[in-house]
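Structure at a glance
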Amino acid sequence: MKVGEKLAEQTASEVSASKSASEKRRQSSKKSGRKQKKLGPMPSAVQRLFETCKEVFANGGPGIVPSPGDVDRLRSILDNVDASDVGLTPKMPYFRRGASKGRPPITYLHIYECDKFSICIFCLPPSGVIPLHNHPGMTVFSKLLFGSLHVKSYDWVNRPQDSAEIVDPLHFQPPGLRLAKVKTDGTFTAPCRTSVLFPQDGGNLHCFTAKTSCAVLDVLGPPYSDPEEGRDCTYYNDFPYASFCGDAEFLTDDVEYAWLEERKKPDEFIVDGANYSGPKIMDQ
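This text gives an overview of the structure that appears in the document. (Residues numbered from 1 in each chain as written. Predicted model: local features only at pLDDT ≥ 70, side-chain atom pairs only at ≥ 80, totals over all residues. Heavy atoms only, no water.)

A closer look at the nonpolar core
Residues L88 and I121 are the most contacted members of the largest nonpolar core, which totals 33 residues. Listing elements by their share of this core, those giving two or more residues are α2 (45-56), α3 (68-79), β1 (106-113), β2 (118-124), β4 (139-146) and β9 (214-221). Here this core takes 6 residues from α2, the largest share from any one element. Once residues lying within four places of it in the same chain are set aside, the contact partners of L88 are A83, Y94, F95, L109, I121, C123, L145, F146 and A215. Of all hydrophobic cores here, the second largest spans 19 residues; its members include C120, L149, F208 and A210. (Core = buried A, V, L, I, M, F, W, Y, C linked by side-chain atoms within 4.5 Å. Buried < 20%, exposed > 50% of the residue type's maximum accessible area, 1.4 Å probe, protein only. Helix = DSSP H or I, 4+ residues; strand = E, 2+ residues; numbered from the N terminus. Contact = heavy atoms within 4.5 Å.)

Brief notes about the environment of R231
Topologically, R231 is positioned in the loop between β9 and β10 (235-240). Considered as a pair, R231 and N134 are 97 residues apart in the sequence and their alpha carbons are 9.3 Å apart. Setting aside anything within four residues of it in sequence, one finds R231 in contact with P62, P136, M138, P222, P223, Y224, S225 and D226.

Remarks on the packing of aromatic side chains
Under the definition given, this model contains 11 aromatic pairs. Both rings, one in Y241 and one in W259, keep their centres 5.7 Å apart while their planes meet at 20°; by these two values the pair is stacked. With Y241 in the loop between β10 and α5 (242-245) and W259 in strand β11 (residues 257-263), the pair connects residues that are 18 residues apart, well separated along the chain. Y241 sits in the buried class, given a relative accessible area of 2%. Residue classification places W259 among the buried residues on the basis of a relative accessible area of 0%. Over the ring of W156 we find R178; its NZ or CZ atom is 4.1 Å from the centre of that ring. (Phe/Tyr/Trp six-rings, centres within 6.5 Å; stacked < 30°, edge-to-face > 60°. Lys NZ or Arg CZ within 6 Å of the ring centre and 35° of its normal.)

Below, the structure written as structure tokens:
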């Protein structure tokens, strides 16, 4: 056989081998694609939230605060959740003011609850109010999904915190009242960062007032429980500090104080339950 013929035969053999290898790669790629398709769609935002909550609150309990890293991780997940992720729009009937006088009812949507944490949504029509209440031993993440919401929150004053806050609440405390300091007093409009409160600070006692129709996605760890377990919800009236202390003055330039008084659940605070219609959680 001539040299040219050998080279031609060798080249033809190499081309054939190359085509065969290329075909195998294409078939392998198709199989890989089929395998990837079998994995199914990406988990929903609510599912990702649930999975993160399971990890963050795995070792949780009353008074146990997640690590700063876990707080940031869960907060980041919530920051990226919007109303469409939970099947809500402002046009739903939950958010209509209605013609009745007085405070409009609030709608509660239950998503998930176990002994470690709960996930829920509060739907507030314009002028809807969730009155001042506490969160005993709890860490709570609140994400405003849409609308504008006024938040006023407090933390208890138990002892002097630093040289700028010299106060002995037992000395001034009127009967039946307890001293607290204002943590937040302002209006928030979505989109905004998820707020976080803790058992001892961060505004553990708060009141919500809807300036427009709005929805709040809450994660509570651990959730409320029966009064016997010490995590029942308690409601409060608040009074300006000067209402009872006359000339006794210790207010500083950057801290505002008030007196809080326990009360029964307000009669005008009506909460209606409704079915959550967003993506379901798969608890495996």
